[in-house]
Amino acid sequence: MTIENYKDGKLKIGKKEWDVKECELNQKDLIFYVDNPRVYSALRRFDGTAPSQEEIEKHMCSMDRIKELKESIKENGGLINPLIVRESDFAVLEGNSRLAAYRILAKIDPIKWSMVKCVVLPGDIDDSAISTLLGVYHIVGTKDWSPYEQAGFLYRRKQESKMPIEIIAKEVGISKGVAENYIKVFEYMIAKNDLDSEKWSYYEEFLKSSAIKKEIDEHPELEEVIVEQIQNGEIEAAADIRKISKIAKSKTKKAKKMLEQYRKKETDLYTAFSEVQEEGGFDKVFQKVRDFRDYIIEEGFVEGASASQKKSDIVYDLKKIKSKLDTIIKNIENGNS
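Bear in mind that the values here come from a model prediction, so they are computed numbers and not experimental data.

J.: Summarise the nonpolar core; cite the residues concerned and give the values.
T.: Among the nonpolar cores identified, the biggest contains 60 residues, and Leu121, Leu154, Ile226, Ile235, Ile247 and Tyr262 are the most heavily contacted of them. Per-element accounting of this core gives the leading share, seven residues, to helix α8 (residues 176-191). Discounting chain neighbours no more than four positions away, the residues touching leucine 154 are Ile139, Ile168, Val172, Ile174, Ala179, Tyr182 and Ile183. Membership of the second largest hydrophobic core comes to 29 residues, among which are Phe32, Leu83, Val92 and Ala101.

Laid out in structure tokens, this is it:
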């Protein structure tokens, strides 16, 4: 296809300025960008084969946000922001949602909605520039891609470019740490054969908990239980992953018992959490007092203290504690601070 009636322009991407053509193109001549995160994970198969243009259009046109966008475009009489197109294949690098909305409108009135405002980039634009362009629009700019979509984009960029994460992060304008975390979660979802975008926040909460990781290191079967319950909906909300973390952090015997029952599937998460909570297992003051009590009544404490070189100091401190306890108990019971 030859582009006619265009105006020369410039578009800065990163530190480089590209020559572009500003024009109107027939929306029927444009194609969806296959690596668009809006549809990639929904339509990409696990074997890596790409979806067809028909599949992409059908999927995108069924999305509620596209239907809402269609009404906005209709109200404005066209696009405010042009599509950004690559000349070599007329793929819409930026603006796939708007193209989908135009396709819906064109089915109603093919003539009125045939031409769409575009900025056409050279066909030889490199992948690094495309990555920077999309990062500016969707990761550090309007951030209209969800974290899951951003993670998928970063993951694919890493897989295809084989570049170090710090370079990829720099391309799109985010920190290395953020990029590493996004890719880590996305890779884990792939490993667990679960690319449900609705489960992204579940896995993110799960993987960021050091308390859960420590427990899994000691009891690997816990990981399988948590992942299974994320996938089957037994864990009702992503924030509920924190309940597992809180139980794991609690040092009470009750918490250890309930966590054991949970990983053995002898009880559910919500019952386990409720029982630990009712016992006061999440109260830090209670835990410290309970830890102290357990320590001084445990078998061998008296013998150890008696044999200690600091025996006299231990006796002195225990007498001070004993003296102070009567006052503390009285103040607590009377509600005094």
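J.: Quick rundown of the packing of aromatic side chains? Include the residues and the values.
T.: Centre distance and the angle of the planes are the two values used to describe a pair of aromatic rings. Tallying each qualifying case throughout the model produces nine aromatic pairs. With a centroid separation of 5.9 Å and 65° between ring planes, the pair formed by tyrosine 188 and phenylalanine 206 is classed as edge-to-face. Note that tyrosine 188 is positioned in helix α8 and phenylalanine 206 in helix α9 (residues 200-208), a separation of 18 residues in sequence. Phenylalanine 206 carries the same exposure label as tyrosine 188, and that label is buried. In this arrangement the basic side chain of lysine 243 is found over the ring face of phenylalanine 273, its NZ or CZ atom lying 4.2 Å from the centre.

J.: Residues and numbers for the sheet that holds strand β4 (residues 83-86), please.
T.: If you trace the six strands from one edge of the open sheet to the other, you get β1-β2-β6-β4-β5-β3, paired in mixed fashion. Each of the sheet's edge strands pairs with one partner strand only, and the pair in question is β1 (7-13) and β3 (31-32). Direction of pairing for strand β2 (residues 16-26) relative to strand β6 (residues 115-121): antiparallel, over a ladder of six bridges. Bridged to glutamate 24 within β6 is lysine 117. Contacts from helix α5 (residues 127-138) reach β1, β2, β4, β5 (91-94) and β6, with the element oriented near 50° to β5.

J.: Please set out the environment of glutamine 287 residue by residue, giving values where relevant.
T.: Checked against the element boundaries, glutamine 287 lands in helix α15 (residues 284-297). According to the relative accessible area criterion, glutamine 287 is buried, its value standing at 13%. The spacing of glutamine 287 and proline 164 is 123 residues in sequence and 45 Å in space, taken between C-alpha atoms. If we skip the residues at most four places from it in the chain, glutamine 287 touches Lys249, Ser250, Lys251, Thr252, Gly281 and Phe282.

J.: Describe a positive patch on the surface, listing the residues and the values that go with them.
T.: A surface patch of positive charge is lined by Lys214, Lys251, Lys253 and Lys256. By secondary structure assignment, the location of lysine 214 is in helix α10 (residues 210-218).

J.: Mind laying out the side chain of serine 245, listing which residues take part and the relevant values?
T.: Structurally, serine 245 can be placed in helix α12 (residues 241-249). Classification of serine 245 by relative accessible area gives buried; the value is 10%. Those residues in contact with serine 245 that lie beyond four places of it in its chain are Ser209, Ala211 and Ile212.

J.: Break down the packing of helix α7 (residues 165-172) against α8 for me, with residues and values.
T.: A pair of packed helices can be characterised by two numbers: the angle between their axes and the separation between those axes. Following both chains from N to C, one finds α7 and α8 inclined at 110°, their axes separated by 8 Å at the closest point. Between α7 and α8, the angle falls in the class roughly perpendicular. Where α7 approaches α8, its residues Ile165, Glu166 and Ala169 are matched on the opposing element by Lys176, Ala179, Glu180 and Ile183. Partitioning the contact of α7 with α8 into residue classes produces four nonpolar, no polar and three charged.

J.: Could you give me a rundown of the pattern of salt bridges, with the residues and numbers involved?
T.: The tally for this structure, following the rule as stated, stands at 21 salt bridges. For lysine 7, the salt bridge is made with glutamate 22, and the minimal N-O distance between the two is 3.7 Å. Remark: glutamate 22 occurs in strand β2 and lysine 7 occurs in strand β1; sequence separation between them is 15 residues. The partner of glutamate 71 in a salt bridge is lysine 70, with the nearest N and O atoms 2.9 Å apart.

J.: How would you explain the pairing of β2 if you had to name every residue and give the values?
T.: Bridging between β1 and β2 involves seven bridges; their strand directions are antiparallel. The residue of β2 that forms the bridge with glycine 9 is valine 20. Remark: two residues form the turn of the hairpin made by β1 and β2, two consecutive strands paired antiparallel; glycine 14 in that turn has positive phi of roughly 65°.

J.: Describe a nonpolar patch on the surface, naming the residues involved and giving the relevant values.
T.: Among the surface-exposed residues, Phe292, Leu318, Ile321, Leu325, Ile328, Ile329 and Ile332 lie close enough to one another that they form a single nonpolar patch of about 570 Å² accessible area. Tracing the sequence through the fold places phenylalanine 292 in helix α15.

J.: So, the packing of α8 against α9: which residues are in play, and what are the values?
T.: Contact geometry for α8 and α9: axes closest at 10 Å, N-to-C directions at 110°. Relative to α9, the element α8 is oriented roughly perpendicular. Of the two possible hands of crossing, α8 and α9 adopt the one that is right-handed. From α8, Asn181, Tyr182, Lys184, Val185, Phe186, Tyr188 and Met189 reach across to α9, where they touch Trp200, Tyr203, Glu204, Phe206 and Leu207.

J.: Lay out a negative patch on the surface in plain terms, naming residues and giving numbers.
T.: A cluster of acidic residues, Asp124, Asp126, Asp127 and Glu160, forms a negative patch at the surface. Following the sequence through the fold, aspartate 126 ends up in the loop between β6 and α5. Overall, the relative accessible area of 35% leaves aspartate 126 in the partly exposed class.

Calculation notes
Residues numbered from 1 in each chain as written. Predicted model: local features only at pLDDT ≥ 70, side-chain atom pairs only at ≥ 80, totals over all residues. Heavy atoms only, no water. Core = buried A, V, L, I, M, F, W, Y, C linked by side-chain atoms within 4.5 Å. Buried < 20%, exposed > 50% of the residue type's maximum accessible area, 1.4 Å probe, protein only. Helix = DSSP H or I, 4+ residues; strand = E, 2+ residues; numbered from the N terminus. Contact = heavy atoms within 4.5 Å. Phe/Tyr/Trp six-rings, centres within 6.5 Å; stacked < 30°, edge-to-face > 60°. Lys NZ or Arg CZ within 6 Å of the ring centre and 35° of its normal. Pairing = 2+ DSSP bridges. Axes fitted to C-alpha atoms, helices over the stretch in contact; angles between N-to-C directions. Patch = residues over 30% accessible without salt bridge, like charges linked within 9 Å, V, L, I, M, F, W, Y side chains within 5 Å. Areas by Shrake-Rupley, 256 points an atom, 1.4 Å probe, with all protein chains shown as cover. Salt bridge = Lys/Arg side-chain N within 4 Å of Asp/Glu carboxyl O. Lys, Arg positive; Asp, Glu negative; His and termini not counted. Charge placed at Lys NZ, Arg CZ, Asp CG, Glu CD. Parallel < 35°, antiparallel > 145°, perpendicular 65-115°, else oblique. Nonpolar A, V, L, I, M, F, W, Y, C, P; charged D, E, K, R; others polar. Left-handed = near helix turned anticlockwise from the far one by under 90°.

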